[in-house]
Every structure is written in C-alpha cells, then in structure tokens.
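# Fold and geometry: a report
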Amino acid sequence: MNKLLPFFSICIFFLIGCNQKNSCINSVKAKYVNKAKLDGCGWMIQLKNKQNLNAINLVEFEKSPKEGQKIWISYEEKQNMFDNCMSGKIIEITCISKR
C-alpha cells in the first residue's frame, strides 16, 4: 500500500490542476480594471502589456467584475466604433476564463 501512495498523490495533483485550465482558444492574459474615475468610463480590461480594452459586451460574460481579477480573454477588435471613454481599443469579447 505504501508503494501506491506516491502514485495516487501524483494522480490527484494532476486531476486538480486540470480543472484550472484555460478554456478560451487564442486567449491572452488580462485583468479587470475600474476606470470609473475617468469621464465616461467604467469597467475595462487591461492586458498584461498595460493596454486597456473597452468591451462592448462585458456584461454578457461578467455581471460583477472585481478590481484586479486575473482572466484569460479572447476578443475581436471593433473598427470604426467610438465611445465616450476614449481610453482603449473597443472590442467584442468572444471568451473569458478566470486565471
């Protein structure tokens, strides 16, 4: 029985780790940031390189974002669209997964 304990421990480790996979294809690391202090802004998504994204459909994926919450995100840039915030690219989210 003692010989099987390391084997079972490794199996449990991998099973737990597999539940925390990124389910978004072609995604990038990002986090939620609250830009409400800027005129016309609200919740935005900040990429790892500090670029801000203004998602036109964030509420479809996250009803209550939390400041600094880390996520994986896949998105499409929207061309020829403008908003009041003017602090980042306008995007449409295709997938969000927590990190």
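Attention in this report is confined to the structure presented alongside it. Because the structure is predicted, anything quoted here is derived from the model rather than measured.

### Observations concerning the overall build of the protein chain
Within the protein chain, the regular secondary structure consists of two helices and five strands. In the protein chain, the succession of α and β elements from N to C terminus is α-β-β-β-α-β-β. Here the contacts in the protein chain between residues at least 6 apart in sequence split such that 59% fall between residues at least 24 apart. For the protein chain, the accessible surface area stands at approximately 7,400 Å², while carbon and sulfur atoms represent 57% of it.

### Here's the deal with the sheet that holds strand S1 (residues 28-34)
The mixed closed barrel is built from five strands, whose spatial order is S1-S2-S3-S5-S4. Adjacent strand axes in the sheet meet at a mean angle of 55° when their direction is disregarded. Note that S1 and strand S2 (residues 43-47) share five bridges and pair antiparallel. Across the sheet, residue Lys31 finds its bridge partner in S2, namely Gln46.

### A closer look at the pattern of salt bridges
All chains considered together, the criterion is met by two salt bridges. Note that Glu92 and Lys78 form a salt bridge whose closest N and O atoms lie 3.0 Å from each other. In this pair, Glu92 sits in strand S5 (residues 89-98) while Lys78 sits in the loop between strand S4 (70-77) and S5, placing the two residues 14 residues apart along the sequence. Judged by relative accessible area, Glu92 falls into the partly exposed class, the value being 28%.

### A word on the state of the cysteines
This structure, assessed with the given rule, holds two disulfides. Two residues, Cys24 and Cys95, share a disulfide whose sulfurs are 2.0 Å apart. Judged by the sign of its S-S torsion, about -80°, the cystine formed by Cys24 and Cys95 is left-handed. Of the two residues, Cys24 is situated in the loop between helix H1 (4-18) and S1 and Cys95 in strand S5; the sequence distance between them amounts to 71 residues. Cys95 shares its class with Cys24; the two are buried. Shown here is the disulfide that connects Cys41 with Cys85, its sulfur atoms set 1.8 Å apart.

Cut-offs applied
- Residues numbered from 1 in each chain as written.
- Predicted model: local features only at pLDDT ≥ 70, side-chain atom pairs only at ≥ 80, totals over all residues.
- Heavy atoms only, no water.
- Helix = DSSP H or I, 4+ residues; strand = E, 2+ residues; numbered from the N terminus.
- Contact = heavy atoms within 4.5 Å.
- Areas by Shrake-Rupley, 256 points an atom, 1.4 Å probe, with all protein chains shown as cover.
- Pairing = 2+ DSSP bridges.
- Axes fitted to C-alpha atoms, helices over the stretch in contact; angles between N-to-C directions.
- Salt bridge = Lys/Arg side-chain N within 4 Å of Asp/Glu carboxyl O.
- Buried < 20%, exposed > 50% of the residue type's maximum accessible area, 1.4 Å probe, protein only.
- Disulfide = S-S within 2.5 Å.

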